[in-house]
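Listed below are the residues making up each chain.
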Amino acid sequence: MEIQDIKTAELVKKYNFKFSKSLGQNFLIDDSVPKDIVAGAEVNEDDLVIEIGPGVGTLTAQLLNKAKRVVAIELDSDLIPILSKEIGDNPKFTLIHNDALKVNFNEIIGDEESVKLVANLPYYVTTPIILKLLKEDYKFKSLTIMIQKEVAERMNAEPGNKDYGSLSLLVQYYCDTKIVRKVAPQCFIPRPKVDSIVIRLDKLTEPKVSVKSEKLFFDIIRSSFNMRRKTLWNGVKNIGLSKEKLELAFNEADIDPKRRGETLSIQEFAVLSDKIYEKME
Ligand code: SAM
């Protein structure tokens, strides 16, 4: 049985719901967006879908039409009775009242094989949530998320692009990225001040490059981009090697220290990081 589209504005009115700006509450009112999110995530009946921030259940209803099960995590206690009343009876639906940053996703995933995360994320916690989801080694096949346009463009950027930086490299170390669609402010109530993008991150079975020290690899990336418009040399000169050893590392990596961080591919950062690591031993 298909679940009826949830009419966001009607529910907001029915329950006299008051939006909280501090919880990043901008609810979808354009039916095409949740449908495109579910299609973009390629949700099917084998999937356990974990949704962060269901709101009044607009996207959740579409997910329930396609997935095996949906587990939604919502922080706002005012939304819990609304969700329970509107979709709580659905046997495929589980609601968790908690902060997504505090959840151990493995307890939800259990031994499910096909797990996808789908969310219209609250923008104030986008980066910490993404970092948690990527770094804590959960068995997600993909994360299909709606986020602020600029953040999505940074995640998706290639070397040489103005948006390319440490977030691009961090996300692309763990995932392949694909833009699903753009979403204008008028698709939400209340309207956000920014444009949004739905991006899909497909988790790789192994990180895109293999490095001797992940910590050093990400330290080098961070220092290279802290010093935008400066040379790589200036970015990494305080990494903990003598001038001679650092010169040797650049030489062996075949990377010109006068280049800027934004021109290096993830593979070049990996080679440089390993050469620097070897000189530290
Ligand atoms: N999914 C709904 C939609 O698309 O209309 C609502 C999306 S709204 C942008 C973000 C949702 O995340 C809100 O329901 C908000 O209460 C919830 N939220 C905010 N911070 C959260 C957190 N730390 N953990 C879980 N949910 C959170």
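Rules behind the numbers
- Residues numbered from 1 in each chain as written.
- Predicted model: local features only at pLDDT ≥ 70, side-chain atom pairs only at ≥ 80, totals over all residues.
- Heavy atoms only, no water.
- UniProt positions renumbered as here; feature names shortened; annotations may be inferred.
- Helix = DSSP H or I, 4+ residues; strand = E, 2+ residues; numbered from the N terminus.
- Buried < 20%, exposed > 50% of the residue type's maximum accessible area, 1.4 Å probe, protein only.
- Contact = heavy atoms within 4.5 Å.
- Areas by Shrake-Rupley, 256 points an atom, 1.4 Å probe, with all protein chains shown as cover.
- Lys, Arg positive; Asp, Glu negative; His and termini not counted.
- Charge placed at Lys NZ, Arg CZ, Asp CG, Glu CD.
- Axes fitted to C-alpha atoms, helices over the stretch in contact; angles between N-to-C directions.
- Parallel < 35°, antiparallel > 145°, perpendicular 65-115°, else oblique.
- Left-handed = near helix turned anticlockwise from the far one by under 90°.
- Nonpolar A, V, L, I, M, F, W, Y, C, P; charged D, E, K, R; others polar.
- Phe/Tyr/Trp six-rings, centres within 6.5 Å; stacked < 30°, edge-to-face > 60°.
- Salt bridge = Lys/Arg side-chain N within 4 Å of Asp/Glu carboxyl O.
- Near = heavy atom within 4 Å.
- Polar contact = N/O pair within 3.5 Å; in protein donor to acceptor, adjacent residues only side chain to side chain.
- Domains from an automatic or database assignment.
- Buried area = accessible area lost by both parts, 1.4 Å probe.
- Pairing = 2+ DSSP bridges.
- Right-handed = clockwise from strand over helix to strand, strands pointing away.

If you check an unreviewed UniProt entry, the protein chain appears there as Ribosomal RNA small subunit methyltransferase A from Clostridium sartagoforme AAU1. As recorded by UniProt, the Catalytic activity (unreviewed entry) comment attached to the protein chain reads in full: "adenosine(1518)/adenosine(1519) in 16S rRNA + 4 S-adenosyl-L-methionine = N(6)-dimethyladenosine(1518)/N(6)-dimethyladenosine(1519) in 16S rRNA + 4 S-adenosyl-L-homocysteine + 4 H(+)". According to its UniProt record, the protein chain has this under Subcellular location (unreviewed entry): "Cytoplasm".

*Asks:* Could you clarify how one ought to interpret the overall build of the protein chain in this entry?
*Replies:* Per the secondary structure count, the protein chain includes 12 helices and nine strands. When its C-alpha atoms are laid out on the principal axes, the protein chain stretches across 70 × 40 × 30 Å. Buried positions account for 51% of the 281 residues belonging to the protein chain. Sequence-distant contacts, at least 24 apart, represent 69% of the contacts inside the protein chain between residues at least 6 apart. Surface accessibility of the protein chain: about 13700 Å² in total, with carbon and sulfur atoms responsible for 48%. Here the protein chain holds 42 positive side-chain charges and 43 negative ones, and the gap between their average locations is 5 Å.

*Asks:* What should I look at first to understand the packing of helix H9 (residues 214-226) against helix H12 (residues 266-280) in this one?
*Replies:* For the pair H9 and H12, the least separation of the axes is 9 Å and the interaxial angle reads 115°. Accordingly, the angle class assigned to the pair H9 and H12 is roughly perpendicular. Of the two possible hands of crossing, H9 and H12 adopt the one that is right-handed. Seen from H9, the contacting residues are Leu 216, Phe 217, Ile 220, Ile 221, Ser 224 and Phe 225; seen from H12, they are Ile 266, Phe 269, Ala 270, Leu 272, Ser 273, Ile 276, Tyr 277 and Met 280. Partitioning the contact of H9 with H12 into residue classes produces 12 nonpolar, two polar and no charged.

*Asks:* Would you explain the packing of aromatic side chains in this entry?
*Replies:* The geometry of an aromatic ring pair is captured by two quantities: the separation of the ring centres and the angle between the planes. Applying the stated criterion across every chain yields a total of 13 aromatic pairs. Ring geometry for Tyr 164 versus Phe 225: centroids 6.0 Å apart, planes at 80°, classification edge-to-face. Of the two residues, Tyr 164 is situated in the loop between helix H7 (149-156) and helix H8 (166-174) and Phe 225 in helix H9; the sequence distance between them amounts to 61 residues. Side by side, Tyr 164 and Phe 225 carry an identical accessibility label, which is buried.

*Asks:* Can you walk me through the pattern of salt bridges in this structure?
*Replies:* A side chain of one charge can pair with a side chain of the opposite charge if their charged atoms are brought near each other. Applying the stated criterion to the full structure yields 20 salt bridges. The partner of Lys 14 in a salt bridge is Glu 86, and the shortest N-O contact between them spans 2.9 Å. Of this pair, Lys 14 sits in helix H1 (residues 8-14) while Glu 86 sits in helix H4 (residues 79-87); the two residues are 72 residues apart in sequence, bridging distant segments of the chain. According to the relative accessible area criterion, Lys 14 is exposed, its value standing at 53%. Note that Asp 202 and Arg 200 form a salt bridge whose closest N and O atoms lie 3.0 Å from each other. Through salt bridges with shared partners, a single network forms among Glu 42, Arg 200 and Asp 202.

*Asks:* Even after reading the chapter, I still don't get the UniProt feature "binding site: S-adenosyl-L-methionine" (unreviewed entry) in the protein chain, so can you show me in this structure?
*Replies:* Annotation from UniProt places "binding site: S-adenosyl-L-methionine" (unreviewed entry) at Asn 26, Leu 28, Gly 53, Glu 74, Asp 99 and Asn 120. Within the secondary structure, Gly 53 sits in the loop between strand E2 (48-52) and helix H3 (58-66). Gly 53 sits in the partly exposed class, given a relative accessible area of 27%. Residues within four places of Gly 53 in sequence aside, it is in contact with Ile 73, Glu 74 and Asn 120. Tracing the backbone shows Glu 74 in strand E3 (residues 69-74).

*Asks:* Got a minute to help me understand the site of the ligand in this structure?
*Replies:* Around the ligand, a shell composed of 23 residues is seen, among which Gln 25, Leu 28, Gly 53, Glu 74 and Asn 120 lie nearest. In this structure, a nitrogen atom belonging to the ligand sits 3.5 Å away from a main-chain N or O atom of Leu 75. A distance of 2.8 Å is found between an oxygen atom of the ligand and a side-chain nitrogen or oxygen belonging to Asn 120. In isolation the ligand offers 600 Å² of accessible surface; the protein chains occlude 99% of this area.

*Asks:* When you look at the domain arrangement of the protein chain in this model, what are you seeing that I'm missing?
*Replies:* How big an interface is tends to be stated in terms of accessible area lost as the parts join. Per the domain assignment, the segments making up the protein chain are domain 1 (8-203) and domain 2 (214-280). For domain 1 versus domain 2, the distance between C-alpha centres works out to 35 Å. At the interface, 11 residues of domain 1 touch 13 residues of domain 2. Considering only the surface of domain 1 that becomes buried against domain 2, Tyr 164, Leu 169 and Tyr 173 emerge as the three largest contributors, covering 54% of it.

*Asks:* How should the pairing of strand E5 (residues 115-120) be read in this particular structure?
*Replies:* Regular strands show a simple pattern: their side chains alternate between the two faces of the sheet. Burial analysis of E5 places six of its six residues in the buried class, the great majority of the element. Side chains of E5 alternate between two faces, with Val 115, Leu 117 and Ala 119 and Lys 116, Val 118 and Asn 120 buried alike. Pairing analysis gives six bridges linking E5 to strand E6 (residues 140-148), with the strands arranged parallel. Each bridged residue has a counterpart across the sheet, and for Asn 120 the counterpart in E6 is Met 146. Between E5 and its parallel partner E6, the chain crosses via helix H6 (residues 126-135), and the hand of that crossover is right-handed.

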